[in-house]
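Inside the fold
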Amino acid sequence: MGLKGERVETTRPGSDTKPPESVFTTTLDKMVRWARAGSLWPLPFGTACCAIEFMSVVSSHYDLARFGAEVVRFSPRQSDMMIVAGTVVDKQAPILKLIYEQMCSPKWVISMGVCASSGGFYRAYHVMQGIDEIVPVDVYVPGCPPTPEGLIYAIMKLQEKIERGEPSHYQVVLDREAAEARERKLARV
Amino acid sequence: MPIDPSQVKVLRADEIIRAREDTRAWWKRLYLPAIAMGLGVTIRNMVRNLLNPGGLPTIRYPEERRDYGHRFRGRHYLKKRPSGEPRCVACMMCATACPADCIYIVAGEHPDPAIEKYPVRFDIDGLRCIMCGYCVDACPEDAIAMTKEYEWASYEREDFIWDKEYLLSWRDEKVVDDGYQPYEGEIDKSRMSRGTL
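Worth saying up front: this structure is predicted, and the values here are computed from it rather than measured. (Residues numbered from 1 in each chain as written. Chains lettered and ligands numbered in written order. Predicted model: local features only at pLDDT ≥ 70, side-chain atom pairs only at ≥ 80, totals over all residues. Heavy atoms only, no water.)

**Brief notes about the side chain of B:Gln181**
Residues and elements named next belong to chain B. Spelled out, the test is: Per the convention used, a helix needs a DSSP run of H or I reaching at least four residues, while a strand needs a run of E reaching at least two, with both numbered from the N terminus. Relative accessibility thresholds used throughout: buried, under 20% of the residue-type maximum; exposed, over 50%; partly exposed, between the two (1.4 Å probe, protein chains only). Residue contacts are counted whenever heavy atoms from the two residues lie within 4.5 Å of one another.
Relative to the assigned elements, Gln-181 resides in the loop between helix 5 (164-169) and helix 6 (186-194). With relative accessibility at 10%, the residue Gln-181 sits in the buried group. Excluding residues within four positions of it along the chain, Gln-181 makes contact with Tyr-77, Lys-79, Val-136, Ala-145 and Met-146.

Structure follows, in structure tokens:
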């Protein structure tokens, strides 16, 4: 139940289905969330100076291993936290989208730096005005570039979010799209 | 082009010369000593760090913090007059100097004729700001300053629009140190000497 998706299926009061009376399920779910929060494997999508700052975060002075996120993977299949560090130009947007879609769910996105978050001071025709135009972002980190502490703080916020059991922004978007599709189907009928 | 068999020379066994023969001893060819040497370096460092944890370069961030210099450019705040109003006179210098165009000011007329204008709105888009400090340099009233605050990641893009009230009130002097403000007090000092304050 908890392993299948990242949402916990809880039964709301008033619904006719009885909740499965098992303490084990909730405990397992909590454990899965704890494990997920403690083993985020980052995929750095580094395109600019923010990536240099990311190197500083994973190296010995700040040591991201203390948060269980030191296994930097350059293969989207093996990672679950994408860190978009740097300016994303329009030409690169399809690549970013493709890499994001190749990642396995559950997955999270950290938008590091103002260029990735909003375009920053590139108010220009060729720069994406925020990567949230194409991928759902979970945590934004402003700064140009953010300090290593700023990124660690963002990762801690993401861990808090996962441990609280909130769905990732990706899951929220999926749910919304599914609901819209259902409504369209109902409207047709 | 087909190969003519009469042109092909077949080498005898003693004519064959190996380009590079591995002449190392058999135990070196196993690569085990090299692995042991590599692990030795790792284990030596591990033991050294276990015996002397103070020698580690790691800053244990949420508990320990790096002491940044006094020119650190973190999140802005607006300074206040003794009356509690913002010092800002809405001259638009910072908004003009801003390379990211992230400052939005709406000016209003102040009831006090000595002050002329005040900002009705003063918004900074924290997701646009590149923390260059040009607004602090440009300010003729010493009204905007930067701090050493850098913990500002958030889940929503809307959280980063810092309005006037927030910029005036977010900073707790006891917790957040002043950052970049190279001309702090200079304007008041020069006015004091000219007797215009």
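There's more to say after this.
**Notes on the confidence of the model for chain B**
When pLDDT drops low, the exact placement of atoms in the prediction is not to be read closely. Formally: Every residue carries a pLDDT, the predictor's confidence in it, which falls somewhere between 0 and 100.
Predicted confidence across chain B gives a mean pLDDT of 88, with 99% of residues reaching 70 or more. Scored as a complex, the prediction yields pTM 0.80 and ipTM 0.78.

**What to know about the sheet that holds strand 3 (residues 108-112) of chain A**
Consider a sheet: its strands pair through backbone hydrogen bonds, and that pairing is either parallel or antiparallel. Residue and element names in this part refer to chain A. Rules: A pair of strands is treated as paired once DSSP finds two or more bridges between them. Simply put, an axis is a line fit to the C-alpha atoms, just over the touching stretch for a helix, and the angle between two N-to-C directions goes from 0 to 180 degrees.
Taking strand neighbours across the sheet as the criterion, the four strands line up as 1-2-3-4 in an open arrangement whose pairing is parallel. A single partner strand is all that each edge strand has here, and the edge strands are strand 1 (42-46) and strand 4 (139-141). Between one strand and the next, the sheet's axes are offset by a mean angle of 20 degrees, whatever the strand orientation. Across five bridges, the pairing between strand 1 and strand 2 (residues 81-85) is parallel. The residue of strand 2 that forms the bridge with Leu-43 is Met-82.

**Notes on the packing of aromatic side chains**
Residues and elements named next belong to chain B. For clarity, the cut-off: The criterion for an aromatic pair is that two Phe, Tyr or Trp rings (for Trp, the six-membered ring) have centres within 6.5 Å, with stacked assigned to planes under 30 degrees apart, edge-to-face to planes over 60 apart and tilted to the rest.
One pass over the full model with this rule turns up seven aromatic pairs over all chains. Ring geometry for Tyr-68 and Phe-72: centres 4.6 Å apart, planes at 35 degrees, overall tilted. Under the relative-accessibility criterion, Tyr-68 is labelled buried at 19%. Take Phe-72: its relative accessible area is 13%, and that puts it in the buried class.

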